[in-house]
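Structural characterization, general
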Amino acid sequence: MVVADFPPPAMFGVDGRKFPEWRPGQVEAFQRILDSPNRIVAAGLPTGWGKSLIGYVSGKVAGRCVYLTSRRGLQTQIMADFQAHNVWGQSNYKCKTNPDLTVADGPCHTGMKCELKDGGCDYYDAVNIAALPTTKFTVTNYAFYIRRLLRPDSDGDGLGPVDLLVLDEAHRLLDELSSALSIQLRRTDVEPHGIPWPPDRWSKADAEDADKWKGWAVNTALPAITSAIARQAADNNAQAKLSSAAARATRRLQNTQTALREMGKVVGEWAVGIHWKTKDMNFSPLWPGEYLQRALLGTAKKVVFMSATMNIKMLNMLGLGEDDYDFYEQGSLFPIVDRPILYDLAVPNMRFSATPSDWTTWLSRLDNLIDARLDKRMIVHCHSYQRKEYLMTRSRHRGRMVGHTAADATIVAQQFRMSPPGTILVSQSMTEGWDFPGEDCEVQFIVKIPFPDSRDAVIKARNKIDKDYSSYLAMQTMVQAAGRGIRYNGDRCETIILDGASKWFMWKCAPFAPMWFNNSVKRVPSGLPTPLIKL
């Protein structure tokens, strides 16, 4: 169909003031999604393509659509932009029978009958409405939807039959599946019930042995927890009204029982991670792609994966073969000159063994680059608290630098956007999910190739099988970071990578990056690169 002949966005029920016309490529994108003979369509769509509108219109044409996101902010945005029916997780709703509790800890989970489940409970009302055939467009998060599909009475659809399942932020699918399927146990879950905590008694090798944990779960921990649940139920029955404390205690015991049962049933390769300080345990599937169909895709007739960093390797890690999907990738709509990605070889390799002299050389180069860009707001992606502390105490520009914690990140980001030019936000964690358009940020520095922590049990196990796994994750993080400061056509932001490892990393790992990123990459010539013209 010719784009000029296609109805404008407002004809599909969206706000014509916000979406007055189709952007280049949007009509072709959802035609590709709907016309593909493959059940799965994987779309690599960079910033500026309007992925959410593409997903919405595709769903509107297909029939009933469920739209999944990773981030609360995006879920809220989809709900507002498209008048979508929204479902949060249980912990986001207050229990109507006990306002001290959320629905996640409500009495209905203790075996007590609650008539509000059939009408009057905000959570169950939202779920029941989402499952109605007349509800055509629902937005929710991965964690909720996966739990719906994995419940014992599931028939393969999480919220009723689905014509189109939209998986936004699809580069996070491996993490979302791992998180939903992982089993966490804390020593405080079992020790109060007379069960010794294994890592205190086992060797390091035994504590990292999945089969050893499975045996302990079935033969030792599960019988004791089941008895504790029976005692708690007797105490609950003796109460005229179930107290908040009793409800929470019951729910925690039930969650522990479920975790132990699941641990005993797992098959395939799983990794055991033990927290170095608390000795709490995390039990995770090594390659959760084998659960993709049962835990996420269900009976959906068509599924679209959407991400700015979509690539073949990710699809392969999810266990999909080339015949399972239709993959297509689009270039950026923004001119390359407005979004250069420069890697600077005038710095040492900033690996863990970098010497004090290496750190000094690296910092001097960063300070010199900042000198020429003081008319702009800048972000330094430092990837660790240690590097952040070093920069904010030793840089010549430390007086211009602001940092943040996990708790105050939103406040600090907003203050940064309103700060004078020359302010530098030093962040260990803003590579994804944050937008700094226009003058909010015109320069970004990635001061270390962001390899993941190789001590993590799952990453360590995956690296043994796939030697490129950590490099793949590092490239994904860099690509996401590069998109924080360039958000619309006419925007302008340069990204400078300051790590000598980029000499080999940028060419060897180029297949893990989308074409819009690779097309922007240039090596810094001798001397200092000329800054972009200020917006």
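Residues numbered from 1 in each chain as written. Predicted model: local features only at pLDDT ≥ 70, side-chain atom pairs only at ≥ 80, totals over all residues. Heavy atoms only, no water.

So, on to the packing of helix α5 (residues 142-150) against helix α6 (residues 173-181). Between α5 and α6, the least distance of the axes is 10 Å, while the angle of their chain directions is 55 degrees. Judged by the angle between their axes, α5 and α6 are oblique. Both α5 and α6 take part in a crossing whose hand is right-handed. Facing Y142, A143, I146 and L150 of α5, the residues of α6 in contact are L173, E176, L177, A180 and L181. Tallied by class, the residues present in the contact of α5 with α6 amount to 8 nonpolar, no polar and 1 charged. (Axes fitted to C-alpha atoms, helices over the stretch in contact; angles between N-to-C directions. Helix = DSSP H or I, 4+ residues; strand = E, 2+ residues; numbered from the N terminus. Parallel < 35°, antiparallel > 145°, perpendicular 65-115°, else oblique. Left-handed = near helix turned anticlockwise from the far one by under 90°. Contact = heavy atoms within 4.5 Å. Nonpolar A, V, L, I, M, F, W, Y, C, P; charged D, E, K, R; others polar.)

Quick look at the packing of aromatic side chains now. Using the criterion set out here, one finds 29 aromatic pairs in the structure. Between F451 and F505, the aromatic rings sit 5.7 Å apart at their centres with planes inclined by 90 degrees, giving edge-to-face as the arrangement. Within this pair, whereas F451 is found in the loop between β15 (443-446) and α16 (457-465), its partner F505 is found in helix α18 (residues 502-508), the two being separated by 54 residues in sequence. Using a relative accessible area of 24% as the deciding quantity, one classes F451 as partly exposed. Here the aromatic cluster, defined as three or more aromatic residues joined through ring pairs, consists of F19, Y56, Y67, F82 and F137. When the ring centre of W88 is taken as reference, the NZ or CZ atom of R72 above it lies at 4.1 Å. In this arrangement the basic side chain of K212 is found over the ring face of W202, its NZ or CZ atom lying 5.5 Å from the centre. (Phe/Tyr/Trp six-rings, centres within 6.5 Å; stacked < 30°, edge-to-face > 60°. Buried < 20%, exposed > 50% of the residue type's maximum accessible area, 1.4 Å probe, protein only. Lys NZ or Arg CZ within 6 Å of the ring centre and 35° of its normal.)

Further remarks concern the pairing of strand β7 (residues 270-274). Buried residues dominate β7, accounting for 4 of its 5 residues. When β7 meets strand β8 (residues 281-285), the two strands line up antiparallel, connected through 5 bridges. Following the sheet pairing, W270 is matched in β8 by P285. Count of turn residues in the β7/β8 antiparallel hairpin: 6 residues, of which K279 carries a positive phi of about 65 degrees. (Pairing = 2+ DSSP bridges.)

This brings us to helix α13 (residues 356-371). Between its first and last C-alpha, α13 extends 23 Å over 16 residues, near the 22 Å set by a 1.5 Å rise per residue. Regarding α13, the residues found buried are W359, W362, L363, R365, L366, D367, L369 and I370. (Expected span 1.5 Å × (residues − 1).)

Our focus in this paragraph is the sheet that holds strand β2 (residues 65-69). Sheet strands line up and pair through hydrogen bonds in the backbone, either parallel or antiparallel. Across the sheet, which stays open at both edges, the 7 strands sit in the order β3-β4-β2-β5-β9-β1-β10 with parallel pairing between neighbours. The sheet is open, and its two borders are formed by β3 (85-86) and β10 (325-329), each paired with just one other strand. Pairing of strand β1 (residues 40-44) with β10, which is carried by 5 bridges, proceeds in the parallel orientation. The partner of G44 across the bridge, within β10, is E329.

Our focus in this paragraph is the sheet that holds β8. Read across the sheet, 3 strands follow the order β6-β8-β7 without closing on themselves; strand pairing throughout is antiparallel. At either margin of the open sheet sits one strand with a lone partner, and together these are β6 (183-185) and β7. In this sheet, neighbouring strand axes are inclined to one another by 15 degrees on average, regardless of whether the strands run parallel or antiparallel.

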